Amino acid sequence: MSADQPKPTVSRPRGLPLIWIVPFVALVVGGWMVAQEYLQRGPEVEILFLDAAGVQPGSTKLEHKGVTVGQVTDVRIAKDLEHVVVRLQLNGDVAALAAEGSQFWIVHPKIGFSGVSGLDTLVSGVRLNVRPGDGPTAERFVGLNQAPPPLNEKLGRAIFLESPKLGAISPGAPVYYREVKVGQVETSALAEDATKVIARVRIEDRYVDLVRTSSRFWNAGGLNVKVGLLGAEIKSTSVESLFSGGVSFATPEPADGKELAPVAEEGRHFMLESKVDEKWEEWAPVIPIHPQQASPDTKPDPPLQQMMSGGA
């Protein structure tokens, strides 16, 4: 090679431009996030409601104990045109909620003398709540029209009141003894032969001895109006019972030389009278009251119809 010839130039292929690193990293991160979301998804379930006012796909949440555990993904009219099908995507860590016996309901704002609930939905929109079941895995459920009655959260005793009609008594209505609240109505249903209404009442533990086999119960809701020559007398047990209904009961004093009637056992049935007999309000037997005590964890009550039929 002569000295006048130029030296050859060696060219090497260029590497990946730095500008392409950013979208590549973004693609990797995005793929990882999609994979994580997919892995964290739980099962999908369908719930049949009579009405789904306010429920919106992509925004309505499912909550349990105040924690979001799922989201509504679809809302559509059922084939019978009478119901609404709500489809829910559960989170992976709560897959056990997709079990037979789970109860779903829509939380709407509610204001009443028996309680205030769901006021936050005025701002955030309606939400769904769930009470877990313990059966095998399930995909389809029938939603409740309202929140279910509370579980057996307090020590106490359940008794049943029978009446030709329900009247103004609703779940949460108070139960009074001498105008002191000692329990509440938990739920109600028609008897199996549809001839009467049966309501389940929970008496608080410290007051269970007040209910004897001889006790008399009456409807204390609304206004009691008596008209006489000197005018009219209007009486209501409380403002709460005026609007939400209520039940009162009294226990007779023992006859001379006799003891009080036995304490009513769990599940005993009583007739619910439409009005009070004046002599019942005069009864004042001496019955010791149990001291207040903490409530340990208890098992939930079996369904009302099962309890009425004597099932376990």
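This is a predicted model, so every value here is computed, not measured.

Engineer: Sorry, what's going on with the overall build of the protein here?
Structural biologist: Along its length, the protein carries four helices and 18 strands. Across the 312 residues of the protein, 32% fall into the buried class. For the protein, the exposed area adds up to about 20000 Å²; of that, 56% sits on carbon and sulfur atoms.

Engineer: So what exactly am I meant to see when it comes to the sheet that holds strand β4 (residues 84-91) here?
Structural biologist: Strand pairing in a sheet is mediated by backbone hydrogen bonds. Such pairs are either parallel or antiparallel. Here we have seven strands laid out as an open sheet, ordered β5-β8-β2-β3-β4-β1-β9, and mixed in their pairing. Two strands close off the open sheet at either side, each with one partner strand: β5 (103-107) and β9 (140-142). The sheet shows a mean angle of 30 degrees between the axes of neighbouring strands, taken without regard to direction. Two elements, strand β2 (residues 61-64) and strand β8 (residues 127-131), share two bridges in a ladder whose sense is parallel.

Engineer: Got a minute to help me understand the side chain of E162 in this structure?
Structural biologist: For E162, the position within the fold is in strand β10 (residues 156-163). Look at E162 and you get buried, because its relative accessible area is 12%. A distance of 2.9 Å separates polar atoms of two side chains, one belonging to E162 and the other to K196. What E162 contacts, discounting residues up to four positions off in sequence, is K196, V197, I198, H269, F270, M271 and L272.

Engineer: What is the right way to read a nonpolar patch on the surface from this model?
Structural biologist: A cluster of nonpolar side chains, contributed by I21, F24, V25, V28 and V29, occupies part of the molecular surface with about 430 Å² of accessible area. Turning to its location among the elements, I21 is positioned in helix α1 (residues 21-40).

Engineer: Can you walk me through unusual backbone geometry in this structure?
Structural biologist: Although it is not a glycine, R178 sits at a positive phi angle of roughly 50 degrees. Considering the arrangement of structural elements, one finds R178 in the loop between β11 (174-177) and β12 (180-190). Accessibility expressed as a relative area gives 54% for R178, which makes it exposed.

Engineer: Please explain the sheet that holds β10 as it appears in this structure.
Structural biologist: The mixed closed barrel is built from seven strands, whose spatial order is β10-β13-β12-β11-β17-β14-β18. On average, each strand axis in the sheet is tilted by 35 degrees relative to the strand beside it, whichever way the strands run. Of the pairings in the sheet, the one linking β10 to strand β13 (residues 197-204) comprises eight bridges and is antiparallel in character. Paired with L161 across the two strands is A199, which belongs to β13.

Engineer: Would you mind going over the pairing of β12 with me for this structure?
Structural biologist: For a regular strand, side chains alternate in direction, first toward one face of the sheet and then toward the other. Relative to β12, β11 runs antiparallel, the two sharing four bridges. Bridge pairing in β12 places Y177 opposite V180. Between β11 and β12, which follow one another and run antiparallel, lie two residues, and R178 among them has a positive phi close to 50 degrees. For β12 and β13, the ladder comprises seven bridges, and the chain directions are antiparallel. Directly across from G183, in β13, lies its bridge partner I203.

Engineer: I'm lost on the packing of aromatic side chains in this one. Help?
Structural biologist: Both the distance between ring centres and the angle between the ring planes are used here to describe each pair of aromatic rings. Applying the stated criterion across every chain yields a total of six aromatic pairs. With a centroid separation of 4.9 Å and 50 degrees between ring planes, the pair formed by F217 and F270 is classed as tilted. Linking F217 in strand β14 (residues 216-219) with F270 in strand β18 (residues 269-273), this pair joins segments that are 53 residues apart in sequence. Given a relative accessible area of 1%, F217 falls into the buried group. Taking the relative accessible area as the measure of exposure, F270 reaches 6% and is therefore buried. The structure contains a cluster of three or more aromatic residues connected by ring pairs, namely Y177, F217, F249 and F270. The ring of F270 carries the charged tip of R268 above its face, separated from the ring centre by 5.8 Å.

Engineer: I keep staring at the environment of W218 and nothing clicks. Help me out?
Structural biologist: The residue W218 is located in strand β14 in this model. When the C-alpha atoms of W218 and S163 are compared, they prove to be 9.6 Å apart, with 55 residues separating the residues in sequence. Contact partners of W218, with chain neighbours within four places excluded, come to G246, V247, S248, F249, A250, L272, E273, K275, V276, W280 and E281.

Rules behind the numbers
- Residues numbered from 1 in each chain as written.
- Predicted model: local features only at pLDDT ≥ 70, side-chain atom pairs only at ≥ 80, totals over all residues.
- Heavy atoms only, no water.
- Helix = DSSP H or I, 4+ residues; strand = E, 2+ residues; numbered from the N terminus.
- Buried < 20%, exposed > 50% of the residue type's maximum accessible area, 1.4 Å probe, protein only.
- Areas by Shrake-Rupley, 256 points an atom, 1.4 Å probe, with all protein chains shown as cover.
- Pairing = 2+ DSSP bridges.
- Axes fitted to C-alpha atoms, helices over the stretch in contact; angles between N-to-C directions.
- Polar contact = N/O pair within 3.5 Å; in protein donor to acceptor, adjacent residues only side chain to side chain.
- Contact = heavy atoms within 4.5 Å.
- Patch = residues over 30% accessible without salt bridge, like charges linked within 9 Å, V, L, I, M, F, W, Y side chains within 5 Å.
- Salt bridge = Lys/Arg side-chain N within 4 Å of Asp/Glu carboxyl O.
- Phe/Tyr/Trp six-rings, centres within 6.5 Å; stacked < 30°, edge-to-face > 60°.
- Lys NZ or Arg CZ within 6 Å of the ring centre and 35° of its normal.

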